[in-house]
Amino acid sequence: MSPFDTPSGYWNTPAPELMQVLRSSKEGLSPEEAAARLTHFGANSLQESRRHALLPLFLERFKSPLLLILIIAAAVSVMLRDWVDAVMVLGIVMLSAVLGTIQEYRASDAVEKLRSRVALKSSVRRGGRVFEIPNSGVVPGDVVQLVAGSLVPADGIVLESRDCYASQSILTGETFPVMKGAGEVDQDAPVAERSNCLFMGTSVRSGTASMLVVETGRGTVFGQIADSISRTEPENEFERGLRHFGMLLLRIMILIVLSVLVVNLVLQRPAPDTLLFAVALAVGLSPELLPAILAVTLSKGALDMAEQGVIVRRLNSIENLGSMNVLCTDKTGTLTRGVVRLDHFLDAAGRKDPDILRFAALNAAYQSGMANPLDDAIVELAAESGFSSDGIRKLYEIPYDFVRKCLSVVVAVEGDRDAELVTKGALDAVLSRCSSLRLDSGVAALDEGRISEIRNRFAGWSSEGYRVLGVAMKRIALLGSYGVDDEREMTFLGFLLFFDPPEPEVSLTLAALKRLGVRTTIISGDNQFVVRHVAEAVGMPVVRVITGTELSRMRDEALWHLVSTEVVFAEVDPNQKERVILAFRKAGNVVGYLGDGINDVPALQAADVGISVENAVDVAREAADFVLLRHDLELVRKGIDEGRHTFANTLKYIFITTSANFGNMISLAAASLFLPFLPMLAKQVLLNNFLSDIPAMGIAADRVDREWETTPHRWDIVLVRNFMIGFGLVSTMFDMITFGVLWQLVGDSPTLFRTGWFVESLLTELFILFVIRTFRPFYRSVPGRFLTVSAGIVSVLTLLLPYSPVAEPMGFQPLPAGLLVIILLIVIVYIAVSEMTKRSLSGLFQPARARKS
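First, a word on what this report is: a plain description of the structure on this page. (Residues numbered from 1 in each chain as written. Predicted model: local features only at pLDDT ≥ 70, side-chain atom pairs only at ≥ 80, totals over all residues. Heavy atoms only, no water.)

**Looking at the overall build of the protein chain**
Thinking step 1. Within the protein chain one finds 31 helices and 23 strands.
Thinking step 2. Within the protein chain, the proportion of its 853 residues that are buried is 57%.
Thinking step 3. A separation threshold of at least 6 residues defines the contact pool for the protein chain, and within that pool the share at least 24 residues apart is 74%. (Helix = DSSP H or I, 4+ residues; strand = E, 2+ residues; numbered from the N terminus. Buried < 20%, exposed > 50% of the residue type's maximum accessible area, 1.4 Å probe, protein only. Contact = heavy atoms within 4.5 Å.)

Structure below.
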């Protein structure tokens, strides 16, 4: 065994022995030793870094079927000893690959730097000090400290724990969290029974633990099965739209290419030229720079969103954010300030009682689960009131869970022969565990009359916006352990009243979201009275509040209908949050969910757009598509603006390239059937396509008309198809006019014919950019600078090309002045007719309102 090798069957090895084997200790590794192990084992990751090196990214371009087709075409030219064609085709291939590589490299590098700002980190003890390091830097022998909400970064054994429960359903399928503690288990114990181990990919639901890391990366249990687990995320609407778009192009491409190939061979045209021409048509119809355009557009969107305070974790979710028309959120910190204070501690009769604060402070101070603002508020006020826990020790904790909705601690005063079980939680949950209540006159039975009085007080305070918890206790014998069965026959002590005031500016943000076509609703675990109060305080229309109890009795079909009304949800558990999200989606909405707690994870995963915050628990940030750098609903609104801007520019490129390319390729295909020669050589088709794509690269930074950003829009493949055909046919009509003019004037010279057609075709493709990029009149919408400058340069280059030294190798010759003037007039008329066509199709070209792909 080398100094860095990890032992097998480590779960059966005593911790001191395992530490010795790993050459570690409870103080952790030294920083130098950790660095050496990181070099030896590599990053603690299941995949290579997303940040690409230039060479692999360049080689990746050649996996594109379009580029492979071109390479095959060049190979055919080489075999036929047509060296000029071969060089030209390969040159265009290399230029396309280099351009795409540079753009995608810059994009991926920029986005990876953004992602690193919200990368998951672990608290690792090294050299006796605790450091926060990225999970990728964890190595075997590290001692990691975990708290509720932590994602476990690697596999290892528990050294110490306090009421630690871990959710490991990703590995074992177990529904409920399992308790973890130090010790050894049998050598043959399966993963589900290794109670002394914590595993990568699982999460801590409650309690705390320290673990000794034994396996990292692909050596972990999760790493070994990762390839067999479908780690591909569900296809989102943006990706589904791209796939449908690709299938549409493929069908059209096959139809055109086969038709041209068969007819030209029947007409006994030269087979090599015909084959190359057919291949060029296929490539000419395809937006081969689309991957690079997408990478640039999405990465620019991610950078712009980062400037607004929104970090994008999954690029393709940007479009979904723009498409979102329903936003679900918990109220805390989003609709409210998120600064919770404990205003009152009252007995069952509603009178102030310092004893209730003391018991609540013991519960809050000694609970070892995830830190939360309610406990922080209790501890802060208790400290200000002079509370001290000196002489009181904690014996046990029964952690909070979302079924019981309460948490208990067992404490004992030094020297006492009994202990006290103190429970704090949702009022109904606490009352259900009580059989008596404490009054000034002593302890009395908790009968229906008194329960009714308690609930009336609760409803009154809740309707004023207070979040009300109950507190109960009982004397209990000193035992080694305690469980939920001990939470019975308790004495109800009183109430804790917390207040989190509504955010003053949030009503303005909600109104702005409504103007953007986004409906906001609440899905909260708080009681119905508080939820209604907050909703009304921020100006949210509420017709009905649905509680978790009502939800559990409701059929899915009824829920699908209900979510279309002005409804908010209260007193729901995590699984019910997920169910509500799925109901919104089933009703045809694109749904976003904003949450930051463990209980929000199912909803974040179910939503089309998962949004969390920088200080959220690890599992919530990992489940999210976007991370807000501060808990502010205004950031979501700004993110929606950027998402719509990004989607608009993506759709622009697709509209522009497909409509122009479709028209030109139809024209070429038709002309090839009637002319005695090919209307354009393959290398000329490819050069035309390449040059027209250069200005299109500027679409990523193009300005967007405000009308595009004011409504949700979604992929609509029918819209793309109709647009492509509509503008494509206009382009074909003018191409036919050009063919007629060229045939009459220079029909006896194939070279002049091809030169004239090349110039007209490329100029129309360049200038149609400015028409299609906006649904306003093109002269009333200012394009981006790069788009304008690059289109101008390529236009000048197009006019000069027939007179340049490369004209002869490319099959061009200088155009007579009169013919050039006629071509320019055709281009001007084409632009005018296209503008009129756009206006006649204005209903088609309006930004799509919630269209489905």
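From this point, things continue past the structure.
**Considerations on the sheet that holds strand β9 (residues 326-329)**
Strand-to-strand pairing in sheets goes through backbone hydrogen bonds, with the strands running parallel or antiparallel.
Thinking step 1. Strand order in this open sheet of six strands is β8-β23-β22-β21-β9-β18, and the pairing throughout is mixed. Looking along the sheet, the strands with just one partner apiece sit at the ends: β8 (310-312) and β18 (519-522). When strand polarity is set aside, the average angle formed by the axes of neighbouring strands in this sheet is 25°.
Thinking step 2. The sheet contact formed by β8 and strand β23 (residues 626-628) spans three bridges and is antiparallel. Each residue of the ladder has a partner; that of V310, found in β23, is L628.
Thinking step 3. Against the sheet, helix α20 (residues 574-586) touches β9, β18 and β21 (591-594), its axis set at about 155° to β21. (Pairing = 2+ DSSP bridges. Axes fitted to C-alpha atoms, helices over the stretch in contact; angles between N-to-C directions.)

**What to know about the environment of F626**
Thinking step 1. Looking at where F626 falls in the secondary structure, it is placed in strand β23.
Thinking step 2. We classify F626 as buried; its relative accessible area is 1%.
Thinking step 3. It is 9.4 Å that separates the C-alpha atoms of F626 and L594, two residues lying 32 residues apart in sequence.
Thinking step 4. Those residues in contact with F626 that lie beyond four places of it in its chain are M305, V310, I311, V312, S317, I318, L321, V609, G610, I611 and S612.

**Some points on helix α12 (residues 354-366)**
Thinking step 1. Taking 1.5 Å of rise per residue, 13 residues should cover 18 Å, and α12 covers 18 Å from first to last C-alpha, within 8% of that figure.
Thinking step 2. The N-capping residue of α12, defined by a side-chain oxygen 3.0 Å from the backbone nitrogen of D355, is D353. (Expected span 1.5 Å × (residues − 1). Polar contact = N/O pair within 3.5 Å; in protein donor to acceptor, adjacent residues only side chain to side chain.)

**As for the packing of aromatic side chains**
Thinking step 1. Counting across every chain of the model gives eleven aromatic pairs.
Thinking step 2. Taking the centre distance of 4.9 Å and the plane angle of 75° together, the rings of W461 and F495 count as edge-to-face. With W461 in helix α15 (residues 448-463) and F495 in strand β17 (residues 490-499), this residue pair connects regions lying 34 residues apart in the sequence. For the pair shown, W461 and F495 are each scored as buried.
Thinking step 3. Here the aromatic cluster, defined as three or more aromatic residues joined through ring pairs, consists of W461, F492 and F495.
Thinking step 4. The ring centre of W11 lies 3.5 Å from the NZ or CZ of R194, which sits over that ring. (Phe/Tyr/Trp six-rings, centres within 6.5 Å; stacked < 30°, edge-to-face > 60°. Lys NZ or Arg CZ within 6 Å of the ring centre and 35° of its normal.)

**Things to note about the packing of helix α24 (residues 682-696) against helix α28 (residues 785-800)**
Thinking step 1. Orientation of α24 relative to α28, taken along the N-to-C sense of each, is 155°, at an axis distance of 7 Å. Between α24 and α28, the angle falls in the class roughly antiparallel. Counted together, L691, I694 and P695 of α24 and F786, L787, S790, A791, V794 and L797 of α28 form the full contact between these two elements. (Parallel < 35°, antiparallel > 145°, perpendicular 65-115°, else oblique.)

**Regarding the packing of α12 against helix α13 (residues 373-384)**
Thinking step 1. Viewed as axis vectors pointing N to C, α12 and α13 meet at an angle of 125°, and their least axial separation amounts to 9 Å. With respect to their mutual orientation, α12 and α13 come out oblique. Two packed elements cross with a definite hand, and for α12 against α13 that hand is left-handed. Here L357, A360, A361, A364 and A365 of α12 come into contact with α13, specifically with D375, I378, V379, L381 and A382.
Thinking step 2. Grouping the constituent residues of the contact of α12 with α13 by class yields nine nonpolar, no polar and one charged. (Left-handed = near helix turned anticlockwise from the far one by under 90°. Nonpolar A, V, L, I, M, F, W, Y, C, P; charged D, E, K, R; others polar.)

**Structural notes on the side chain of Q168**
Thinking step 1. Tracing the chain through its elements places Q168 in the loop between β4 (155-167) and α6 (169-172).
Thinking step 2. Among the polar contacts listed, one links the side chain of Q168 to the side chain of K180, at a separation of 2.9 Å.

**Quick notes on helix α27 (residues 750-772)**
In an α-helix, one turn spans 3.6 residues, which is why side chains three or four residues apart end up on the same side.
Thinking step 1. The end-to-end C-alpha separation of α27 is 32 Å, in line with the 33 Å expected for 23 residues at 1.5 Å each.
Thinking step 2. α27 sits mainly inside the fold: 20 of its 23 residues count as buried.

**As for the environment of I656**
Thinking step 1. Mapped onto the elements of the fold, I656 is located in helix α23 (residues 633-674).
Thinking step 2. The exposure class assigned to I656 is buried, which follows from its relative accessible area of 4%.
Thinking step 3. The spacing of I656 and R773 is 117 residues in sequence and 7.4 Å in space, taken between C-alpha atoms.
Thinking step 4. Discounting chain neighbours no more than four positions away, the residues touching I656 are I699, L769, I772 and R773.

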